[in-house]
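# Structure at a glance
What follows is the residue order along each chain.
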Amino acid sequence: MIRTAIRSLPVLLLASAGLAQTQWNNAAGGAWNLPSNWDTSDVPDMPDESASIDLAGTYTVVISSIDPSILALSITNPNATLGINGAETLTIGAGLLNDGLIVVDFNNSSSHSIVDFLTNVTIDGSGLITLHQIADRAQIVSSTGAVVTNSATHTIDGRGRIRAAMINNGLITANRANTALELLDGDKTNNGLLLATDSGYLDLVSVVVDQTGAGVVRADNGKVRVVAGDASSINNGSIESINGGVVEVLGGAEFLVRDATLAGSVDILGSGTMRA
């Protein structure tokens, strides 16, 4: 049966795709790649399959020694955690509903851990995706031309890299002390809040952030940093620094501010430049 909990997928798409729905059935948690942990005794790992983690209880499902590429994932249990270990990739073709916790690089590996979106996908739900390690060890990526939308009730936090082209209607927060959550590659549209807090760094790396929808970039006891490379720009919306937070343009970086309201401190370091 196809559950209506997969809110981000159009009903016609589900029907036409012949979606195979597999539900987690081990309240003690365990490995994604163990068939007995799924109600059909079939591990969801194919592009025409969908996985549902809605069983009641507090437990962790771990993706290890497998790179599942599935149509959709639904986590409706707010007490469930999905851990993606280092060297593994979870690929999603059409939909993600997350009311729980997804941890990218769950085992603190030195290898890359990735969530990869193949098409335009909305991350629905009230849950959290945590990027758990620095740089490429924890990534959110998207295929060429695909845009990922972070819904108004959903949060992405931690450190690592958001390479995907993204529309943020919710909260993206760099909140790991003295380490960076980097926005790079695909341009970003921010209609919500991009936040650096708890001494974390939100790094803009050769990226355009469009805030026509009145988005906010805020350094709140953290740093929003413009990093050297091609110019980064913030268009429209507001740029704020509060509670000891600061916006920094690092040496060799170019920061373009276009029709955005500045409120608070901006430090231009070394050979950095800022232009309006």
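Up top is the structure.
One structure accompanies this document, and this report is about it. Just so it is clear, the model here is predicted, and its values are computed rather than measured.

Calculation notes
- Residues numbered from 1 in each chain as written.
- Predicted model: local features only at pLDDT ≥ 70, side-chain atom pairs only at ≥ 80, totals over all residues.
- Heavy atoms only, no water.
- Salt bridge = Lys/Arg side-chain N within 4 Å of Asp/Glu carboxyl O.
- Helix = DSSP H or I, 4+ residues; strand = E, 2+ residues; numbered from the N terminus.
- Buried < 20%, exposed > 50% of the residue type's maximum accessible area, 1.4 Å probe, protein only.
- Phe/Tyr/Trp six-rings, centres within 6.5 Å; stacked < 30°, edge-to-face > 60°.
- Contact = heavy atoms within 4.5 Å.

### Structural notes on the pattern of salt bridges
Summed over all chains, the structure comprises 9 salt bridges. When the shortest N-O distance is used, the salt bridge between Glu182 and Arg161 registers 3.1 Å. Taken together, the residues Glu182 in strand E17 (residues 180-184) and Arg161 in strand E14 (residues 155-162) connect sequence positions 21 residues apart. The same class applies to Glu182 as to Arg161, namely buried. In this structure, the salt-bridge partner of Asp203 is Arg225, at a minimum N-O distance of 2.8 Å. With Asp203 in strand E20 (residues 201-205) and Arg225 in strand E23 (residues 223-227), the pair connects residues that are 22 residues apart, well separated along the chain. According to the relative accessible area criterion, Asp203 is buried, its value standing at 5%.

### Brief notes about the packing of aromatic side chains
Per the counting criterion, the structure on display carries 2 aromatic pairs. Ring centres of Trp32 and Trp38 lie 5.0 Å apart, and the angle between their planes is 70 degrees; on these two criteria the pair is classed as edge-to-face. Given a relative accessible area of 0%, Trp32 falls into the buried group. Ring pairing ties together the aromatic residues Trp24, Trp32 and Trp38, which thus form one cluster.

### Digging into the environment of Asp42
Examined against the element boundaries, Asp42 turns out to sit in the loop between strand E2 (30-31) and strand E3 (49-53). Remark: the alpha-carbon pair of Asp42 and Ser206, spanning 164 residues in sequence, is separated by 43 Å. Those residues within four positions of Asp42 in sequence are excluded, and the remaining contacts are Thr22, Pro35 and Glu49.

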